[in-house]
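# Residue-level structural notes
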Amino acid sequence: MITSSFSGDLINASLRQMGAASIKEIRNGILYIIKFELTEELNVIYVLDVTKRDKFFLQRVSPYPMSHGRFSSPSEVVQFIRDDIHKFTNAKNSHNFPKFLLMADEVTRFSHAAELLFLEHNVSKSDLERISDCMQQAMNVLKDIHEHSPKIDSAKSNKTGI
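The structure reproduced in this document is the subject of the present report.

Thresholds applied
- Residues numbered from 1 in each chain as written.
- Predicted model: local features only at pLDDT ≥ 70, side-chain atom pairs only at ≥ 80, totals over all residues.
- Heavy atoms only, no water.
- Helix = DSSP H or I, 4+ residues; strand = E, 2+ residues; numbered from the N terminus.
- Buried < 20%, exposed > 50% of the residue type's maximum accessible area, 1.4 Å probe, protein only.
- Areas by Shrake-Rupley, 256 points an atom, 1.4 Å probe, with all protein chains shown as cover.
- Core = buried A, V, L, I, M, F, W, Y, C linked by side-chain atoms within 4.5 Å.
- Expected span 1.5 Å × (residues − 1).
- Pairing = 2+ DSSP bridges.
- Patch = residues over 30% accessible without salt bridge, like charges linked within 9 Å, V, L, I, M, F, W, Y side chains within 5 Å.
- Salt bridge = Lys/Arg side-chain N within 4 Å of Asp/Glu carboxyl O.

### Some remarks on the overall build of the protein chain
Looking only at helices and strands, the protein chain has 5 helices and 5 strands in total. In the protein chain, the succession of helices and strands from N to C terminus is α-β-β-β-β-β-α-α-α-α. Per-residue burial over the protein chain gives 27% buried out of 162 residues. Surface accessibility of the protein chain: about 11,200 Å² in total, with carbon and sulfur atoms responsible for 55%.

Next up, the structure:
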């Protein structure tokens, strides 16, 4: 339970009201693991690091890892998580969601493989350019799909009360 500070108490109460299944405090109020159980198969889990200056660093670790950066207030953290949970609550109903989770896992595995490659091998400039070209092609595909895909209206899809 987040209890080490007024900020922690605010975050804890707000996230519990939103339906957090568990909030575990680690390292005396410096690190928290926050879990939302959306379905039996889908948990959204965050790690929240509280700095000495009462700043917050948030990462989502499940269903796939994603760093979300620094926040300057408890309300920013709570609002981000509220929006994120809302998006996952909506997305889990899509028939494409399992495929998306597989793709997210592939991206994570690619990132780890690239890191090992560059840390353990002397990669040539031409090989680095090949990888960069492939990544640019993938980004272009994402941009194209982003431009022609309809945006989800969050006002219509927010029927969960989150």
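### Focus: the nonpolar core
Leu15, Ile34, Phe36, Tyr46, Leu48 and Ile81 are the most contacted members of the largest nonpolar core, which totals 24 residues. For this core, the elements supplying multiple residues, two or more each, are helix 1 (6–17), strand 2 (31–37), strand 3 (43–50), strand 4 (56–62), helix 2 (74–91) and helix 3 (97–120).

### Focus on helix 2
With 18 residues, helix 2 should reach 26 Å at 1.5 Å per residue; the first-to-last C-alpha distance of 26 Å fits that figure. All of the buried residues in helix 2 are Pro74, Val77, Val78, Ile81, Asp84, Ile85, His86, Phe88 and Thr89.

### Points about the pairing of strand 3
With 6 of 8 residues buried, strand 3 lies mostly within the body of the structure. As judged from the 7 bridges shared by strand 2 and strand 3, these two strands associate in the antiparallel manner. Pairing of Leu31 across the sheet is with Asp49, part of strand 3. The hairpin turn running from strand 2 into strand 3, its antiparallel successor, is 5 residues long. Judged from the 6 bridges that link them, strand 3 and strand 4 form a sheet pairing that is antiparallel. Within strand 4, the residue paired with Val50 across the bridge is Phe56. The hairpin formed by strand 3 and strand 4 contains 5 residues between the paired strands, and Asp54 there has a positive phi angle of roughly 60°.

### As for a nonpolar patch on the surface
A surface patch of nonpolar side chains, amounting to about 230 Å² of accessible area, comprises Leu117, Phe118 and Leu128. Relative to the elements of secondary structure, Leu117 occurs in helix 3.

### Focus: the pattern of salt bridges
Considering all chains together, one arrives at 4 salt bridges under this definition. Between Asp84 and Arg60 there is a salt bridge, and its shortest N-O distance comes to 2.9 Å. Of the two residues, Asp84 is situated in helix 2 and Arg60 in strand 4; the sequence distance between them amounts to 24 residues. Assigned by exposure class, Asp84 and Arg60 land together as buried. Of the charged contacts, one joins Asp105 and Arg109 as a salt bridge, the two residues approaching to 3.1 Å between their closest N and O atoms. Here Arg109 and Asp105 lie together in helix 3, a separation of 4 residues that amounts to about one turn. Judged by its relative accessible area of 39%, Asp105 is partly exposed.

### Let's talk about the environment of Glu41
Relative to the helices and strands, Glu41 is located in the loop between strand 2 and strand 3. Residue class for Glu41 comes out exposed when judged on its relative accessible area of 71%. Remark: the alpha-carbon pair of Glu41 and Pro63, spanning 22 residues in sequence, is separated by 9.7 Å.

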